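One letter stands for each residue in the lines below.
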Amino acid sequence: MSMKINTYDKSRELFERATKVIPSGLYGHQGPAEGCCIPVSAYPLFSSKAKGSYFWDVDGNKFIDYMCAYGPNVLGYNDPDVDAAAMAQAKIENCVTAPSSKIIEFAECLVDTVASADWAFFAKNGGDTTTAAIMTARAATHRKKIIFVNGFYHGVAPWCQKVDYPGVIPEDVANNLYVDWNDFEALERIVAENEGEIAAFISTPYLHGNFIDNVLPAEGYWQKVRKLCTEKGIVLIVDDVRAGFRLDLAGSDHYYGFEADLICFCKALANGWNVSALCGKEWLKSAISGLSYTGSYWMSAIPFAAGIACIEKMKKLNTPELFRQKGTMLTDGLKAAAETNGFHLSVSGEPALFYLMLKDDDSLILHQEWIAEIVKRGVFMTNHHNHFINASLSDEDIKHTIEVAEEAFHVLRKNHPELG
């Protein structure tokens, strides 16, 4: 029996309203096209409520959500323990002239949890922490140049965009150098060619960019990078905004067997309450202390209380192991469903934040069609971004997801007889 196909009449009505008062109607990664929601007609645009692994759109459609708000949902939407801690703090104080002592408790929690952390500096978005990391590296080394890995994403500040992007000028990226992931020899060459000029090497713990299969670090890669950075006085920055706490509660650098100088956290830090953190080594504490870099809401106490509760619960549940198990169960099922229907589904990256790509044509079209059929049947994914596991995802949710994917493959097979 065919599954119900969603319709989105109210979403479309609301989007028309939104375009009158909001740039693009919805902007950034939450915007339909930029969020890789293609074709846009397959996707809801506005939600009405969320709980656990699900959200409901304004048309009443329910979705098993594998985007997890692009990562912040790590325990389940509206987790009762995290929200109780936040609400208890809300009754006391939040954003106050003199910050709550809760900031100290949260910093102590992170220093006790993250292997490479001697201190914690708080902000609001992941991009706040990557910018703070770059500024800290430049302040500490008195150098300008930064090495990036091709395919990177470190936020939306001008320094981490490209010169042909709107609003970005050549001077913003004049000191950026680029190297391919896992190419240690190329990294050595760039360092030698710019001897004494490089402030930092910044990278995610593994390559989890969009539109490409994700790639894990080669054996010994991070250990060689760590040694090179130490020898050359280069600050090693790990952008753990996406992967942080999903692979290892001690940090993804710990998971891959090395220690970063600076490590950036955000998404899984407080289960959706608005906070980010830059953690670092003692030798960089003076440099970051000297930055003119802060915000009116960066020391708000409610997200700190939520973050402490979130970390405590992740420890109690051993979420990294849970995510590996659930992610593997899901992706093994999706690959088997593809094979049964004569398709080749590539699954890459770590199971906790897996990346999918159909490999049966030379374009992106077939993959986008398959994901669209899945979304229309109540499982929310996007086309060209990694997906996330959260702790509230049940085995029944996974089983149903695989059944939806199976039906989507049937539709694809029917619509594309030319594939043979």
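Below is a summary of the structure that appears in this document. (Residues numbered from 1 in each chain as written. Predicted model: local features only at pLDDT ≥ 70, side-chain atom pairs only at ≥ 80, totals over all residues. Heavy atoms only, no water.)

Considerations on the environment of Ser11
Now for step 1: Inspection of the secondary structure assignment puts Ser11 in helix H1 (residues 9-21).
Now for step 2: On the basis of relative accessibility, which here comes to 0%, the residue Ser11 falls in the buried class.
Now for step 3: Considered as a pair, Ser11 and Asp59 are 48 residues apart in the sequence and their alpha carbons are 6.8 Å apart.
Now for step 4: In contact with Ser11, not counting residues within four places along its chain, are Pro44, Leu45, Phe46, Val58 and Asp59. (Helix = DSSP H or I, 4+ residues; strand = E, 2+ residues; numbered from the N terminus. Buried < 20%, exposed > 50% of the residue type's maximum accessible area, 1.4 Å probe, protein only. Contact = heavy atoms within 4.5 Å.)

Some details on the packing of aromatic side chains
Now for step 1: Using the criterion set out here, one finds 25 aromatic pairs in the structure.
Now for step 2: The interplanar angle of 20° and the centroid separation of 5.1 Å between the aromatic rings of Phe55 and Phe63 together place this pair among those described as stacked. When sorted by exposure, Phe55 lands in the same class as Phe63, which is buried.
Now for step 3: On the numbers, 5.1 Å between centres and 75° between planes, the contact of Tyr293 with Trp298 is edge-to-face. Each of the two residues, Tyr293 as well as Trp298, counts as buried.
Now for step 4: Through pairs of rings, three or more aromatic residues link up here, namely Trp181, Phe201, Tyr221, Trp222 and Phe258.
Now for step 5: The cationic tip of Arg413 hangs over the ring face of Phe343; the distance from NZ or CZ to the ring centre is 4.4 Å. (Phe/Tyr/Trp six-rings, centres within 6.5 Å; stacked < 30°, edge-to-face > 60°. Lys NZ or Arg CZ within 6 Å of the ring centre and 35° of its normal.)

Here's the deal with the side chain of Glu407
Now for step 1: In this structure, Glu407 sits in helix H12 (residues 395-415).
Now for step 2: Take Glu407: its relative accessible area is 14%, and that puts it in the buried class.
Now for step 3: Separated by 2.8 Å, the side chains of Glu407 and Arg377 make a polar contact. (Polar contact = N/O pair within 3.5 Å; in protein donor to acceptor, adjacent residues only side chain to side chain.)

A few points about the sheet that holds strand S13 (residues 379-380)
Now for step 1: Taken together, four strands build an open sheet; the order of strands is S1-S2-S3-S13 and the sheet is mixed. A single partner strand is all that each edge strand has here, and the edge strands are strand S1 (47-51) and S13.
Now for step 2: By the bridge criterion, two bridges tie strand S3 (residues 62-65) to S13 in an arrangement that is parallel. Looking across to S13, one finds that Asp65 is bridged to Phe380. (Pairing = 2+ DSSP bridges.)

Regarding the pattern of salt bridges
Should the charged atoms of two oppositely charged side chains come close, the side chains can pair.
Now for step 1: According to the stated counting rule, one finds 15 salt bridges in the structure shown.
Now for step 2: Ionic pairing is found between Asp261 and Arg226, a salt bridge with its closest N-O pair at 3.0 Å. With Asp261 in the loop between helix H7 (252-255) and strand S9 (262-265) and Arg226 in helix H6 (residues 221-232), the pair connects residues that are 35 residues apart, well separated along the chain.
Now for step 3: Asp261 gets classed as buried once you look at its relative accessible area, which sits at 5%.
Now for step 4: Between Arg324 and Glu321 there is a salt bridge, with the nearest N and O atoms lying 3.3 Å from each other. Pair noted here: Arg324 and Glu321 are both in helix H10 (residues 319-340), with a separation of three residues, about one helical turn.
Now for step 5: Among the ionic contacts, a cluster of salt bridges with common partners joins Glu373, Lys376, Arg377 and Glu407. (Salt bridge = Lys/Arg side-chain N within 4 Å of Asp/Glu carboxyl O.)

The analysis is restricted to geometry; functional conclusions fall outside its scope.
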